[in-house]
Amino acid sequence: MGEIWRLMPEFTGKGRKKGQVMLDYKSAGVDIEAGYRSVELMKQYVKETMRPEVLGGIGGFSGAFSLEKIKGMEKPCLLSGTDGVGTKIKLAFLMDKHDTVGIDCVAMCVNDVACAGGEPLFFLDYIACGRNIPEKIAEIVKGVAEGCKMADSALIGGETAEHPGLMPEDEYDLAGFSVGVVDEKDMITGKDIQPGDILIGAASSGVHSNGFSLVRKIFDVNEENLAAYYPELGATLGETLLTPTKIYVRMLRAIREAGVKIRGCSHITGGGFYENIPRMLPEGARASVRKDSYPVPPIFRLMQEKGQIDEHMMYNTFNMGIGMCMAVRPEDAEKTLLAIEEAGEKGYIIGEVVSGGKGVDIC
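Residues numbered from 1 in each chain as written. Predicted model: local features only at pLDDT ≥ 70, side-chain atom pairs only at ≥ 80, totals over all residues. Heavy atoms only, no water.

1. Side note on the overall build of the protein chain
Formally: Numbering of helices and strands runs from the N terminus, with a helix taken as a DSSP run of H or I at least four residues long and a strand as a DSSP run of E at least two residues long. Throughout, exposure labels follow a simple rule: accessible area from a 1.4 Å probe, protein chains only, divided by the maximum for the residue type, with under 20% read as buried, over 50% as exposed, and the rest as partly exposed. Throughout, a contact is declared for two residues whenever any of their heavy atoms are within 4.5 Å. The method behind every accessible area is Shrake-Rupley, applied with a 1.4 Å probe, and residues are considered shielded solely by the protein chains displayed.
A tally of helices and strands in the protein chain yields 12 helices and 18 strands. The buried share of the protein chain, taken over its 363 residues, is 50%. Relative to all contacts within the protein chain whose residues are 6 or more apart in sequence, the contacts with residues 24 or more apart total 83%. Total accessible area on the protein chain is roughly 17,200 Å²; 51% of this is exposed by carbon and sulfur atoms.

Here is the structure:
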């Protein structure tokens, strides 16, 4: 346990200064025993995420994962994604609700892997906190584990770092890292997208985990405002905003298993439609999106009205009710919608690919 010494001005025998005080790590603000307690509390949640490929138990220096099952692939490729929850985490502090932000963290990573055609294999989290409160840390990890279960991904490791003096005692930050695999021939790259392809949008669960710096500005977020009930939302503001991000791993798998070749896929995160949809397009292809082709959740209308935000800015910041956008051939559109429905999600034909400079038109 590295000991810390505080030196005082006077000496006493054998080179030791008079009044010298030996401190331990706990005195410096890091409670190792609380760390042990956190691990014990989170073990039950972590175990629920295990896959057959996971080797070893919880508590090693690294997580081990067998690649035996991917040996049948022609050209297996690893995919990775890393992200955090962003300033949405501030709402968890104010509401003292910590069991859903872990789902957000997993979603932001595994959705990126899945939209490239990958199957997320395992996940690791990183929690930095001002003070390790074992029950709170366990709640956070409970959410991470729940997200991993939704993604059929194993939670094989993580780190809880206590940062006294650097972070307020009651605050924390959360980030994660996902690794997945795909056969090279099955990667979704967007290179085969052609004018005439249909754009399918999968519904989001709300704001997800992007744009919360603007959200907090719009609502002047505090405990009182978060507790306010809005009839148009059918819930309090806090409950609506803290709704976790959708995880689309099983939905995308269901589309593939239905025999549909997804030509392009875009995870609608920070930057909204205008930044993310063009990322899947090849040169000479442009997305034309009809904004009246699907229902926009009330939270976005409320934010636009309350914040007096220009419509272009809304579509350039938020997902506006579409969490994943896919390009498929016209003959696969109905099959795709059916697969989305059977996976328990909602899908809509939201537009098409047209000829033109890479970009998106929302009309």
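2. Some thoughts on the sheet that holds strand β9 (residues 154–162)
Definition in use: Two strands are counted as paired when DSSP detects at least two bridges linking them. Interaxial angles span 0 to 180 degrees and are taken between N-to-C directions of axes, which are lines fitted to C-alpha atoms, for helices over the stretch in contact.
Spatially, β7-β10-β8-β9 is the arrangement adopted by the four strands of the open sheet, whose pairing is mixed. In the strand order of this sheet, the two ends are held by β7 (76–84) and β9, each with one partner. Going from strand to strand, the sheet's axes swing by 15° on average, the running direction of each strand aside. Across the sheet, helix α4 (residues 134–150) lies against β8 (119–129), β9 and β10 (172–183), angled at about 165° from β8, the strand it touches most.

3. Side note on the packing of helix α3 (residues 101–114) against α4
Quick reminder of the rule: Orientation labels follow simple angle bins: below 35 degrees gives roughly parallel, above 145 gives roughly antiparallel, 65 to 115 gives roughly perpendicular, and whatever is left gives oblique. In this scheme the handedness of a crossing depends on how the near helix is turned from the far one: anticlockwise by less than a right angle means left-handed, clockwise means right-handed. Each residue receives one of three labels: charged for Asp, Glu, Lys and Arg, nonpolar for Ala, Val, Leu, Ile, Met, Phe, Trp, Tyr, Cys and Pro, and polar for the others, Gly being one of them.
At a minimum axis distance of 6 Å, the contact between α3 and α4 shows a crossing angle of 40°. With respect to each other, α3 and α4 are oriented oblique. Like other packed secondary-structure pairs, α3 and α4 cross with a definite hand, here right-handed. Of α4, the residues touching α3 (which contributes Gly-102, Ile-103 and Val-106) are Ile-140, Gly-143, Val-144, Glu-146, Gly-147, Cys-148 and Met-150. Taken together, the residues of the contact of α3 with α4 sort by class into six nonpolar, three polar and one charged.

4. Some words on the layout of surface pockets
Put simply, the rule is: Using a grid of 1 Å spacing that covers the protein atoms alone, one calls a set of points a cavity when a 1.4 Å probe fits there but cannot get out, and a pocket when the set is open and has protein on both sides within 12 Å along at least five of seven lines; lining residues are those with an atom within 4 Å of a point. Grid points are joined across faces, edges and corners, and a volume is the space filled by probe spheres set on the points.
In this structure, the second largest pocket occupies an estimated 270 Å³ of space. If you go around the second largest pocket, you meet 14 residues; those closest to its centre are Cys-115, Cys-265, Ser-266, His-267 and Arg-279. At the level of secondary structure, the elements contributing two or more residues to the lining of the second largest pocket comprise β14 (264–267) and α9 (272–276). In terms of residues, the lining of the second largest pocket owes the most to one element, β14, which gives three residues. Class assignment of the residues belonging to the lining of the second largest pocket gives a composition of four nonpolar, seven polar and three charged.

5. Things to note about the nonpolar core
To keep things clear, this is the line we draw: As used in this record, nonpolar core signifies buried Ala, Val, Leu, Ile, Met, Phe, Trp, Tyr and Cys residues forming a set joined through side-chain atoms within 4.5 Å.
In terms of nonpolar packing, the biggest core is built from 51 residues, with Tyr-172, Leu-174, Leu-252, Ile-255 and Met-326 touching the most fellow members. It is α3 that provides the largest number of residues to this core, a total of eight residues. Once residues within four sequence positions are removed from consideration, Leu-174 is found in contact with Gly-84, Val-85, Ile-89, Val-101, Gly-102, Cys-105, Asp-125, Tyr-126, Ile-127, Ile-140 and Val-144.

6. As for the pattern of salt bridges
Oppositely charged side chains can pair when the atoms bearing their charge come close. The line we're drawing: By definition here, a salt bridge exists when the distance from a side-chain nitrogen of Lys or Arg to a carboxyl oxygen of Asp or Glu is within 4 Å.
With the rule as written, the count across this model stands at 22 salt bridges. Here Lys-71 and Glu-68 are joined by a salt bridge, their closest N and O atoms 3.4 Å apart. A single burial state applies to Lys-71 and to Glu-68, both of which are exposed. With its nearest N and O atoms 3.6 Å apart, the salt bridge here joins Glu-283 to Lys-358. Taken as a pair, Glu-283 in the loop between α9 and β15 (285–289) and Lys-358 in the loop between β17 (347–355) and β18 (359–362) lie far apart in primary sequence, 75 residues in all.

7. Points about the packing of aromatic side chains
To be explicit about the condition: By convention, a stacked pair of Phe, Tyr or Trp rings (six-membered ring in the case of Trp) has centres within 6.5 Å and planes under 30 degrees apart, an edge-to-face pair has planes over 60 apart, and any other such pair is tilted.
Per the stated rule, a full pass over the model turns up five aromatic pairs. On the numbers, 5.2 Å between centres and 45° between planes, the contact of Phe-65 with Phe-122 is tilted. Of this pair, Phe-65 sits in strand β6 (residues 64–65) while Phe-122 sits in strand β8; the two residues are 57 residues apart in sequence, bridging distant segments of the chain. A single burial state applies to Phe-65 and to Phe-122, both of which are buried. Arranged with centres 5.3 Å apart and planes meeting at 85°, the rings of Phe-273 and Tyr-315 form a pair that is edge-to-face. Taken together, the residues Phe-273 in helix α9 and Tyr-315 in helix α11 (residues 311–315) connect sequence positions 42 residues apart. Neither residue differs from the other here; Phe-273 and Tyr-315 are each classed as buried.

8. Observations concerning the environment of Ile-137
For Ile-137, the location among the structural elements is in helix α4. Taking C-alpha positions, Ile-137 is 7.9 Å from Met-42, a pair spaced 95 residues apart along the chain.

9. Section: α3
Applied cut-off: Given a helix with a known number of residues, its expected span is that number minus one, times 1.5 Å.
Under the 1.5 Å per step criterion, the end-to-end length of α3 is 20 Å for 14 residues, consistent within 8% with the ideal 20 Å. The buried fraction of α3 is high, at 13 of 14 residues.

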